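These are the residues of each chain, in order.
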Amino acid sequence: MTRIVELRAGVLKKNDELARALRSRMQQAGVFTVNLVSSPGTGKTEFLKQTLIALREQGYRVAALVGDLETENDANRLAESGAPVRQILTHGLCHLEAAMIGDHLEGWALDALDFLFIENVGNLVCPSSYDLGEALRVVLLSVTEGEDKPRKYPTIFNSADLAIVTKMDLAAACEFDADAATASIHSVRPGLPILWTSARRGTGMSEWLELLATRRDATRTVAAG
Amino acid sequence: MHELSIAHGIVDTVSTALGDTPGVVRDVSIAVGALSGVVPDALHFCFEIATADTRLSGATLSIEQVPVAIWCPTCAAVVEPPPPLSFRCPVCNTVSGDVRRGRELDVLSYTFDDEPALEGA
Ligand SMILES: Nc1nc2c(ncn2[C@@H]2O[C@H](COP(=O)(O)OP(=O)(O)O)[C@@H](O)[C@H]2O)c(=O)[nH]1
Ligand SMILES: [Mg+2]
Ligand SMILES: [Zn+2]
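Everything in this summary refers to the structure shown in the same document. Numbering of residues starts from 1 in every chain and runs along the sequence as written. Each chain takes a letter, starting from A, and each ligand takes a number, starting from 1, following the order in which they are written. Local features are withheld for residues below a pLDDT of 70 in this predicted model, meaning they are given only at 70 or higher, and side-chain atom pairs are given and counted only at 80 or more; totals for whole chains, interfaces and linings count all residues. Where side-chain values are given, they derive from all heavy atoms of the structure, hydrogens and water being excluded.

**Notes on the overall build of chain B**
Helix and strand labels come from DSSP, where a helix needs a run of H or I of at least four residues and a strand needs a run of E of at least two; each type is numbered from the N terminus. Counting its secondary structure elements, chain B contains two helices and six strands. Secondary structure elements of chain B, listed N to C terminal, follow the sequence α-β-α-β-β-β-β-β. Compactness check: chain B gives a C-alpha radius of gyration of 18 Å against a globular reference of 14 Å for 121 residues, more than 25% above the reference. For each residue, the accessible area found with a 1.4 Å probe, counting protein chains only, is set against the maximum for its type, and the residue is called buried under 20%, exposed over 50%, and partly exposed in between. For chain B, the residues scored as buried account for 45% of the 121 residues in total. By the counting scheme adopted, Arg and Lys are positive, Glu and Asp are negative, and His together with the chain ends is not counted. Charge coordinates come from a single atom per side chain, which is NZ of Lys, CZ of Arg, CG of Asp or CD of Glu. Between the averaged position of the 6 positive side-chain charges in chain B and that of its 16 negative side-chain charges there is a distance of 13 Å. Using C-alpha atoms as the atom set, the radius of gyration is obtained and then compared with a globule rule of 2.2 Å times the number of residues to the power 0.38.

Dropping the structure here:
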C-alpha cells in the first residue's frame, strides 16, 4: 500500500537546534557573538583585526574563530591583534555550521569573554542558511563589488541584522554610488542598518564599536531581566 | 554550493522518520522558500547523489516553491509581492520587511510503499 507520511520538519533542524543551544550558552556566559559574512576579499579579516585591536584597547575580552577552506592565513593575521584566535578548516565546505563552532570552542572559558567573532567562509550564498548561534549577523560589502550585489544575493542580505560597507577609502576611485547601494540593500531588506567603513583609515569604526557595546548591553539586560 | 549538505539533511530527516519501518520511499516532498537560499535545480541534482545507497535511493524529489509573503501594516494583511523579489505591498505600495513566508526549507512529507514485494509480480 502506498502511504503519504506528513513530516513538516525543517531540513536544517539539527543545525538549528545546535545553534539554539549555542545561543543560550553564549547568553548565559555573557558573550556577544557576531557572525561576519561576505564574498572573498571584501575585507572581513582586515575589518575584524582592527575591531579586535580596538575592543582590546577599550578593555573588552575578545576572541575569534575564522573559517577557511584550506589555509590558516587569516587566523595568523587576526592573532596579530593579540586576541585568542582559532582557525576552522572546512576542507572544501563552503560555509560554517553550528557544530563546527561548538567543537572549536572546546577549552575556551566563555565566561571570560565579552565578544566572540566568527569570520565565515568567503561566500554570500551558503552561509545564509546556517544559524551559528550568533547574536548579530553582519553582511559586508566592499565598494569595489558593485552596488547591485545585494539584489544578486538577497537571502544573505535579508537574513542579516546589519550591513557594513567596507573600503570606503576607495569609494571615489571606484565611483561608488552610496545611494544606489543603500537602495539595493533596502530593496532586499527594508530598513537594514548600514555602516560605512574603511578598516584602513578607521572610518566608521567608532560607530561600529558603539553599536557593538549597545547591542551587547541590550542582550545582557534581557538575560538579567 | 551547499545544496549537497541540504540534500543530506533531507535524507537524514526522512531516514529518521522511517526508522525500521519496512518499505520503499517513492517521493519526498519539500517546501523551498524564495528566501531560503536554495536553488531547486541544484537540489534536484544533489538529491540523486545524496540518496544513492540509502533507503531513499530512486525516490523522486517534489519541490514546492514558496513565494515571499510580507505583513502589510497598512492593509493589515499578509500579502504576496509578485516577482521579481520585492517587499512592497502589491495593493498599497507600503514597503515592509516583516517576512511571513518565503524562508521555508522543510520536508513536508514522503510517499512510501510498504508492500514493495508485490511490484512486478
Ligand atoms: N583599500 C582598502 N583595502 C582593504 C581594506 N580592508 C581590506 N582591504 C584589502 O582587501 C583585501 C582583502 O581583505 P581581507 O581582509 O583579506 O578580505 P576577506 O577575504 O573578506 O577576509 C586585502 O588585500 C586587504 O588588504 C580597506 O579598508 N581599504
Ligand atoms: Mg578573510
Ligand atoms: Zn498594503
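From this point on, the discussion continues.
**Focus: the interface of chain A and chain B**
Across the boundary between the two partners, chain A contributes 28 residues, which contact 32 residues of chain B. Buried area: the accessible surface (1.4 Å probe) lost by two parts on joining, summed over both. When chain A packs against chain B, close to 2,400 Å² is buried across both sides, 56% of that on carbon and sulfur atoms. By convention in these notes, a salt bridge is any Lys or Arg side-chain nitrogen within 4 Å of a carboxyl oxygen on Asp or Glu. Across the contact surface, chain A and chain B share two salt bridges. A salt bridge links Arg3(A) to Asp114(B), with the shortest nitrogen-to-oxygen separation between them at 2.7 Å. Whenever a nitrogen or oxygen atom comes within 3.5 Å of another N or O atom, the pair is scored as a polar contact, on the condition that within protein one atom can donate a hydrogen and the other can accept it, and that pairs from neighbouring residues in sequence are kept only if both atoms are in side chains. Along the contact surface separating chain A from chain B lie 15 residue pairs in polar contact (both at pLDDT 80 or more). Examining the composition of the side of chain A that touches chain B, we find that nine residues originate from one element, strand β1 (residues 2-10) of chain A, more than from any other. Taken together, the residues that form the side of chain A that touches chain B break down as 15 nonpolar, seven polar and six charged. What makes two residues a contact is simply this: any of their non-hydrogen atoms within 4.5 Å. Each residue gets one of three labels, nonpolar for Ala, Val, Leu, Ile, Met, Phe, Trp, Tyr, Cys and Pro, charged for Asp, Glu, Lys and Arg, and polar for the others, Gly among them.

**Some words on the coordination of the magnesium ion (ligand 2)**
Residues and elements named next belong to chain A. Protein coordination of the magnesium ion (ligand 2) is provided by Thr 45 (OG1), Asp 74 (OD) and Glu 119 (OE), with donor distances spanning 2.1 Å. Written as a sequence motif, the donor residues of the magnesium ion (ligand 2) are T-x28-D-x44-E. Here the residue Asp 74 occupies a position in helix α3 (residues 73-79), and Glu 119 occupies one in strand β5 (residues 115-119), the gap between them amounting to 45 residues. You can call Asp 74 buried: its relative accessible area is 12%. Judged by relative accessible area, which is 3%, Glu 119 ranks as buried. The donor definition counts N, O and S atoms within 2.8 Å of each metal and applies 3.2 Å to Na, K and Ca; water is not among these atoms, so some sites may look incomplete.

**What about a nonpolar patch on the surface?**
A cluster of nonpolar side chains, namely Leu4(B), Phe45(B) and Ile49(B), defines an oily patch on the protein surface of about 290 Å² accessible area. By the secondary structure assignment, Ile49(B) is in helix α2 (residues 40-51). A patch consists of residues whose relative accessible area exceeds 30% and which take part in no salt bridge; residues with like charges are grouped when within 9 Å of each other, and nonpolar side chains (Val, Leu, Ile, Met, Phe, Trp, Tyr) when within 5 Å. Accessibility throughout is a Shrake-Rupley quantity obtained with a 1.4 Å probe, and a residue counts as covered only by protein chains that appear here.

**Some thoughts on the pairing of strand β6 (residues 105-113) of chain B**
Counting buried residues in β6(B) gives eight out of nine residues, a clear majority hidden from the surface. Here β1(A) pairs with β6(B) via seven bridges, running antiparallel. Paired with Thr2(A) across the bridge in β6(B) is Asp113(B). In this analysis, strands are considered paired if DSSP registers two or more bridges between them.

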